[in-house]
Amino acid sequence: MSSMIVENLKVPAWGGLVTINVQVKGQGPDLIYFHPAAGMAWDPFLDELARSYRVHAPEFPGTTPGNPYDIHKVDCLPDAVLIYEEAIRALGLKQPLAIGQSFGGMIALELASSYPDIFSRLIVLDPIGLWKPSHPVTNWIEAAPADLPKILFKDPASSAAQAMLAVPDDPETAVLATAQLIWNLGATGKFVWPIPEKGLSKRLHRVKAPVLIVWGEDDALISSAYAADLGRQIAGSRVEIVKDCGHIPQVEKHDDTMAIVRPFLAA
Amino acid sequence: MIDCISNGRLVSGFPVGLPCDANVNNGVPPSETRARFDENLELVLRAWSERKPFPFNGKFSQYGSVNIWPRPIQASGPAVWITGIGNPKTMEFCLSRSFGFNYFGWFGWKLTGRRIFDRFGSIAEQMGKKRNPFQIGFMQTIAVAETDEEAERIYGPHIEYFFRKALGSIPPHRLMLPGGIDIRGLEFVLRDPADFGMAAKMRTATFRELVDAGCVICGSPETVRDQLVAMCKDFGIGNLHAMLQFGSLPKELTQRNIDLFSTRVLPHLRPIWEGEYDHHWWPERLGGKPAASEEKVREEEAAL
């Protein structure tokens, strides 16, 4: 049981200017998870992975509750990539498995491009980072809160979506959670505003790790039309489309996504 | 240049602006807006005061040689005013740097004024700063006619047009893009959104609601005068930015509004703080007390 408790490791980075909080849970081979723009949250997908892997989830600078202003120490995307690389080294992780979702998918791809040996295998779930004029990426940062459910989910009424969108009952807890969520979107948004394309395409040829690209077929934030493009740009990668699914396949179609992810991680 | 053309009459306001300006139209990440504002303000103030060209190595902009010409005429630079919406940090910033604090009454002074100016007062007290009404500016939409009935009839439709089509048409989430408001400020406004007064209702607000909230002060010269005098005295306001044109108000009505305001209302406002305080945030040529430099104000405070 003790392995299913979340440990919080405080990892100093950026010459001591930034402290990365890394949530760690589970037992098994090392796996690093890069959270989406809204911040780190444990969901059934990560809990299930933690039964077979030791999951390390670094929190993006500025998104850790109680430490909001670290974001002001990170000026540009290359800074963020260096900071993550420092944190991974400080954690002593040697070529861990890696999974990145959405914004975290872009971060994972940036790391895999900058440091081709950093991950043994990489899964990206509906990652951002590319731009097709024919399919502009929805600007989730300036979206009205009421529109977010339908940007994120094919079926916002589904129980999985509702569980993720739930607001705490206690008013003060809800205030703190909402403020943190908005702040997190601003902190991660600093590196993708106003267009979430910062040259990743130029760097993808450097990726060496085997990459699995998973995409919700009906993703309304970044169209699944991007999946094949990304696949073409990463040699030896594989693309899997999850049917009847929006931007967060591991939540909206948990079982289907797990069935794709598990064998790839175990290979 | 404007200070030279006007022979030392420039008063300079530095608003951060709406997210539509920097973020949506110009692509600046919302979380950088404030830091860029701070950096650029320092650059402008330094450019006004340095006597020789200097290199500026900012985080957001780099200039090998800053050398403005012509220089401002006012010895210690034009007075600096910062616009705030109620964030305590902005108030602290104005007080600590001896800048003017400017507040906009669009959200309805009857709903927000007490909160905002009491907050300013208590922050000044905490910081040990002497409160001076001339350090406070207030922007108020004003409409004056011969009688209250006439004012409602001739200005009413233009007032509704302005509030519904301008501020009221900006959705709340566009006014506070993620990253643009400090997390403590977010917690504050989520707990208690009252600083935004009429904002949420503005898109469909009626003339009566706008008047009741104080978004506009509208009526006969006596009605307008009484409200403005009470407001300025009550909140300790020493500078009124009278907004006498709004929305679809045509030229002739605007001129009439200006005439009635300046002849029948303004004379009652001018003497309110006269002789009680020195105006450090106003050009000397217009009757201000030497646009005191920050150092000078600090010296005065130390002497008190």
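All values reported here derive from a predicted model rather than from experimental measurement.

Residues and elements named next belong to chain B. Across the 9 residues of strand β6 (residues 136-144), 9 count as buried, placing the element largely inside the fold. A two-sided burial pattern is seen for β6, the buried positions comprising I136, F138, Q140, I142 and V144 on one face and G137, M139, T141 and A143 on the other. Taken together, the 4 bridges between strand β5 (residues 100-104) and β6 define a ladder with parallel strand orientation. Each residue of the ladder has a partner; that of F101, found in β6, is I136. Following the chain from β5 across helix α5 (residues 109-126) to the adjacent parallel β6, one finds a crossover that is right-handed. The pairing of β6 with strand β7 (residues 216-219) spans 4 bridges and is parallel. From the neighbouring strand, I142 faces β7, where its bridge partner is I217.

Residue and element names in this part refer to chain A. The element strand β7 (residues 211-216) is largely enclosed, with a buried count of 6 among its 6 residues. Every second residue of β7 is oriented toward a common face, with V211, I213 and W215 on one face and L212, V214 and G216 on the other, all of them buried. The pairing of strand β6 (residues 121-125) with β7 spans 4 bridges and is classified as parallel. Within β7, the residue paired with L125 across the bridge is V214.

Residues and elements named next belong to chain B. With respect to the helices and strands, the residue Q140 is situated in strand β6. Q140 sits in the buried class, given a relative accessible area of 0%. Measuring from C-alpha to C-alpha, the distance between Q140 and Y103 comes to 9.2 Å, with 37 residues separating the pair along the chain. Residues within four places of Q140 in sequence aside, it is in contact with G105, W109, G214, C215, V216, I217, L228, M231, L240, H241, A242 and M243. Only 3.1 Å separates the side chain of Q140 from the backbone oxygen of G214, close enough to count as a polar contact.

It is possible for side chains bearing opposite charge to pair when their charged atoms get close. On inspection of all chains with the given rule, the structure shows 34 salt bridges over all chains. Here K132 of chain A and D229 of chain A are joined by a salt bridge, their closest N and O atoms 3.1 Å apart. Of this pair, K132 of chain A sits in the loop between β6 and α4 (148-152) while D229 of chain A sits in helix α8 (residues 225-233), and the two are 97 residues apart along the sequence. Each member of the pair, K132 of chain A as well as D229 of chain A, is classed as buried. Between R208 of chain B and E152 of chain B there is a salt bridge, and its shortest N-O distance comes to 3.1 Å. Of the two residues, R208 of chain B is situated in helix α9 (residues 207-213) and E152 of chain B in helix α6 (residues 148-165); the sequence distance between them amounts to 56 residues. Here R208 of chain B falls in the partly exposed class, since its relative accessible area comes to 42%.

Below, the discussion takes up helix α10 (residues 221-235) of chain B. Every α-helical turn comprises 3.6 residues, leaving residues that sit three or four positions apart pointing alike. Residue and element names in this part refer to chain B. Between its terminal C-alpha atoms α10 stretches 21 Å, which fits the 21 Å expected from 15 residues at 1.5 Å a residue. Turning to α10, its buried residues number three or more, namely P221, V224, Q227, L228, V229, M231, C232 and F235. Residues of α10 that are buried sit in contact with α5, β6, β7, β8 (239-243) and α11 (251-269). Of the residues flanking the end of α10, it is G236, one or two places downstream, whose phi is positive at about 70 degrees.

Contacts between the two partners involve 23 residues from chain B and, on the opposite side, 22 residues from chain A. Its salt-bridge partner being E172 of chain A, residue R191 of chain B comes within 2.7 Å of it at the nearest N-O pair. On the surface where chain B and chain A come into contact, there are 7 residue pairs in polar contact (both at pLDDT 80 or more). Of all the secondary-structure elements, those providing two or more residues to the side of chain B that touches chain A are α2 (19-25), α3 (30-49), α7 (172-175) and α8 (183-191) of chain B. Here the element with the most residues in the side of chain B that touches chain A is α8 of chain B; it accounts for 6 residues. Of the residues assigned to the side of chain B that touches chain A, the class counts are 10 nonpolar, 5 polar and 8 charged.

As a further point, take the packing of aromatic side chains. Applying the stated criterion across every chain, the model contains 20 aromatic pairs over all chains. Taking 6.4 Å as the distance between ring centres and 45 degrees as the angle between the ring planes, the aromatic pair formed by W106 of chain B and F162 of chain B counts as tilted. In this pair, W106 of chain B is assigned in the loop between β5 and α5 and F162 of chain B in helix α6, connecting sequence segments 56 residues apart. Judged by relative accessible area, F162 of chain B falls into the buried class, the value being 12%. The ring of W42 of chain A has K25 of chain A sitting right over it, with the charged end atom 4.6 Å from the ring centre.

What counts and how
Residues numbered from 1 in each chain as written. Chains lettered and ligands numbered in written order. Predicted model: local features only at pLDDT ≥ 70, side-chain atom pairs only at ≥ 80, totals over all residues. Heavy atoms only, no water. Buried < 20%, exposed > 50% of the residue type's maximum accessible area, 1.4 Å probe, protein only. Helix = DSSP H or I, 4+ residues; strand = E, 2+ residues; numbered from the N terminus. Pairing = 2+ DSSP bridges. Right-handed = clockwise from strand over helix to strand, strands pointing away. Contact = heavy atoms within 4.5 Å. Polar contact = N/O pair within 3.5 Å; in protein donor to acceptor, adjacent residues only side chain to side chain. Salt bridge = Lys/Arg side-chain N within 4 Å of Asp/Glu carboxyl O. Expected span 1.5 Å × (residues − 1). Nonpolar A, V, L, I, M, F, W, Y, C, P; charged D, E, K, R; others polar. Phe/Tyr/Trp six-rings, centres within 6.5 Å; stacked < 30°, edge-to-face > 60°. Lys NZ or Arg CZ within 6 Å of the ring centre and 35° of its normal.

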